[in-house]
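Single-letter residue listing:
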Protein chains: 2
Amino acid sequence: MIDTQNNDPLPSWQDGQNKQAILDFVQRTIDPQSAFYVPPANRIAVFDHDGTLWLEKPHLTEMEFLKDLLKRQPRSTRCDTEQLQNNGVGLMVKRRFRQLRCRIALLMQTIMADSRWLLRECMEGVSADQYKSWAATWLSEAKHPRFNRHYTELVYQPMLEVMQLFSAHDFRNYIVSGGSNYFVRAVCEPCYQIPAEQAIGSQLLTKLVDHQGQLQVELRPLPWFLDNGAGKVLAIENRIDIIPIAAFGNTSGDIKMLRWASISPRALCMFVHHTDAEREYQYSLSDKVLAAVKQYGWQLIDMKKDWIHIFPEPTAPNKVDENKAC
Amino acid sequence: MIDTQNNDPLPSWQDGQNKQAILDFVQRTIDPQSAFYVPPANRIAVFDHDGTLWLEKPHLTEMEFLKDLLKRQPRSTRCDTEQLQNNGVGLMVKRRFRQLRCRIALLMQTIMADSRWLLRECMEGVSADQYKSWAATWLSEAKHPRFNRHYTELVYQPMLEVMQLFSAHDFRNYIVSGGSNYFVRAVCEPCYQIPAEQAIGSQLLTKLVDHQGQLQVELRPLPWFLDNGAGKVLAIENRIDIIPIAAFGNTSGDIKMLRWASISPRALCMFVHHTDAEREYQYSLSDKVLAAVKQYGWQLIDMKKDWIHIFPEPTAPNKVDENKAC
């Protein structure tokens, strides 16, 4: 039994239909007497990332990271050191060529609103560890232009509470993100206490390289798997092989994932609706999402009405403790 | 501390260097005072499947399954029922064509010793659930030609004990198999108490199909990922993102996986050498494996000398309990 009398597990949620739906769902799932009881091994909850667990405006956080990465050109710097002694003129040409490619990638991303240009340019030939390390460093430094807080602090407090409530009742929480595998891995542990194994993202192809006896996983500029739409279901099936009983999303790319969870009549499926221009952002759900929500009877979370707090309290007034961002 | 005085955790292992190496490894890994202590979250052990956890002779078990599947042509039967009313002559042609394809697949597999022909022929357009269900049924019926026991009973008892010892000390065991994802999933839970999530196999491409509102994952005849050689490392990195500290294999396709684990000086890496023609099979390790074992100082398990028992005892004399195969 959830003890809601003495200890509200969802203090950032307004009392109402949605809060009650979450509590009822957990209650009927963990109660062995309930017709909707689910054994712990099958208590799988899946969460989209951008816009569902943390903010995604004005731009996707990983895109901000990639743009900064390209502007600083760390790969170019790295190559320079290696090649400096060997080839002065060749190096100049390569450097120029790389600068040109960086600009093209940034331009194409702007024109086509397509992140693939940036991803390929930033990831080609970079080791997986290097990419994660850059991401971790950037996340500890960069701040959101409007809120002036680290991105890792701009996670949704009410969703953290849902995850904690689930964990406390033997659910396993998975992040299923359209962002890259490696970026979501840099975030999942510090922000959500989720191990890399439970963070599923989009993938570039990787290769195993032998550097004088040392094996290293490197990224290749070939898209391998886009974790969006049907891809989210295929990734979950491939990774877990258990149909989730709870699913949270906020765009049309999450509809199939919620439909997959809805195979079970005991499932909890919710869409986050960004309705709070003042405390976060306000933007519409697509017609496709609204139609699906209606057709399948999913819950719509109204950020403005349902959430008492949006983001966690800063750890100290006027001062962010960088080590305890979330 | 492992209590070996009162309770031998490896009763099917002969006392000696290899048994001691396993016990020492677990001891130094779990002892917080040890320089080689590893926290539970990082205690990852990876096991090749065929020839490492269960027998692989005279033929790989999944290949036996696929050949039986093709001979029985369950897909053809399934299609017939659907199409019977519509098209008598067309059905005949399709049936013949399918029979011909089946024969070609079997022939190509024999000539080229290449399983891909069989895999594609058997898996095209089949739902993932259907494939797993066929595999589970076949495993409960088929028997090994020499030992006249179910294949699920022909797992190596000493390796089961290693897995149990690891599990008892907060390791997570993963099967990393060149066989298909779905076949290894049909085996991992009943034989090794490993959930599907911890079984990594080769993959065909999948697609999400909407059957009148019902979503279903179907297999496509396109090879997607071969979980062998470097592929094993890339799969582990992609799935777990933690370098294993224990790795077991028996062919050259496992060398890179053991090298990956060997990045850590605290790792335990072992190759199974099939030396027992009487109780199992006798066949050589490749020169590549022998060279790697020597170069990296890995342990070689001599099946004949090291293992007191090879397979688990049958559950009742002269009678196999089909529900408790392993």
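Residues numbered from 1 in each chain as written. Chains lettered and ligands numbered in written order. Predicted model: local features only at pLDDT ≥ 70, side-chain atom pairs only at ≥ 80, totals over all residues. Heavy atoms only, no water.

## Concerning the relation of the copies chain A and chain B
Each copy of the sequence occupies a distinct position, and chain A is placed on chain B by a rotation of 180° and an axial shift of 0.0 Å, giving an RMSD of 0.0 Å. Such a combination of turn and shift is consistent with a two-fold rotation axis. Identified as the residue of chain A closest to the rotation axis by C-alpha distance is Arg239 of chain A, at 3.8 Å. When the interface residues of chain A are mapped onto chain B, 100% of them again lie at the interface, so the same face is used by both copies. (Least-squares fit on C-alpha atoms with pLDDT ≥ 70 in both. Contact = heavy atoms within 4.5 Å.)

## Looking at the interface of chain A and chain B
Across the contact, 33 residues belong to chain A and 33 residues belong to chain B. Buried area between chain A and chain B, both sides added, is near 2,800 Å², and the carbon and sulfur share of it is 50%. By the criterion of area lost to chain B, the three top residues of chain A are Glu197, Leu215 and Trp224 of chain A, representing 22% of everything that side buries. A salt bridge links Glu197 of chain B to Arg172 of chain A, with the shortest nitrogen-to-oxygen separation between them at 2.4 Å. The interface formed by chain A and chain B contains 21 residue pairs in polar contact (both at pLDDT 80 or more). (Buried area = accessible area lost by both parts, 1.4 Å probe. Salt bridge = Lys/Arg side-chain N within 4 Å of Asp/Glu carboxyl O. Polar contact = N/O pair within 3.5 Å; in protein donor to acceptor, adjacent residues only side chain to side chain.)

## Regarding the packing of aromatic side chains
One pass over the structure, following the stated rule, counts 36 aromatic pairs over all chains. Taken together, a centroid distance of 6.4 Å and an interplanar angle of 50° make the contact between Trp54 of chain B and Phe183 of chain B tilted. Linking Trp54 of chain B in the loop between strand S1 (44–47) and helix H2 (61–72) with Phe183 of chain B in helix H8 (residues 181–192), this pair joins segments that are 129 residues apart in sequence. Accessibility classification places Trp54 of chain B together with Phe183 of chain B in one group, the buried group. Members of the aromatic cluster, connected to one another through ring pairs, are Trp13, Phe147, Tyr156, Tyr281, Trp307 and Phe311 of chain A. (Phe/Tyr/Trp six-rings, centres within 6.5 Å; stacked < 30°, edge-to-face > 60°. Helix = DSSP H or I, 4+ residues; strand = E, 2+ residues; numbered from the N terminus. Buried < 20%, exposed > 50% of the residue type's maximum accessible area, 1.4 Å probe, protein only.)

## As for the side chain of His144 of chain A
Residues and elements named next belong to chain A. Tracing the backbone through its elements, the reader meets His144 in the loop between helix H6 (128–141) and helix H7 (157–168). Polar side-chain contacts of His144 include one of 2.8 Å to the backbone oxygen of Lys57. A polar contact of 3.3 Å, which involves the side chain of His144, links it to the backbone nitrogen of Phe147. When residues no more than four places from it in sequence are discounted, the contact partners of His144 are Leu55, Lys57, Pro58, Arg149, Tyr151, Leu154 and Tyr281.

## Comments concerning the sheet that holds strand S7 (residues 299–302) of chain A
Pairing is mixed across the open sheet formed by 7 strands, whose spatial order is S4-S3-S2-S1-S5-S6-S7 (chain A). Of all strands in the sheet, those bounded by a partner on one side alone are strand S4 (214–225) and S7 of chain A. Averaged over all pairs of adjacent strands, the angle between their axes in this sheet comes to 35°, without regard to strand direction. In this sheet, S4 of chain A lies alongside strand S3 (residues 199–211) of chain A in antiparallel orientation, the contact comprising 8 bridges. Across the sheet, residue Asp210 of chain A finds its bridge partner in S4 of chain A, namely Leu215 of chain A. Here helix H9 (residues 230–239) of chain B sits on the sheet in contact with S3 and S4 of chain A, set at roughly 140° to S3 of chain A. (Pairing = 2+ DSSP bridges. Axes fitted to C-alpha atoms, helices over the stretch in contact; angles between N-to-C directions.)

## Observations regarding helix H6 (residues 128–141) of chain B
Since the α-helix packs 3.6 residues into each turn, any two residues three or four apart lie on the same face. All names here are of chain B. The first and last C-alpha atoms of H6 sit 20 Å apart over 14 residues, in line with the 20 Å expected at 1.5 Å per residue. Within the span of H6, buried status applies to Ala128, Tyr131, Lys132, Trp134, Ala135, Trp138 and Leu139. Each buried residue of H6 sits inside an arc of 160° when the element is viewed along its axis, so together they form one side. (Expected span 1.5 Å × (residues − 1). Arc of directions from axis to C-beta.)

Everything listed here is a matter of geometry and, on its own, says nothing about what the molecule does.
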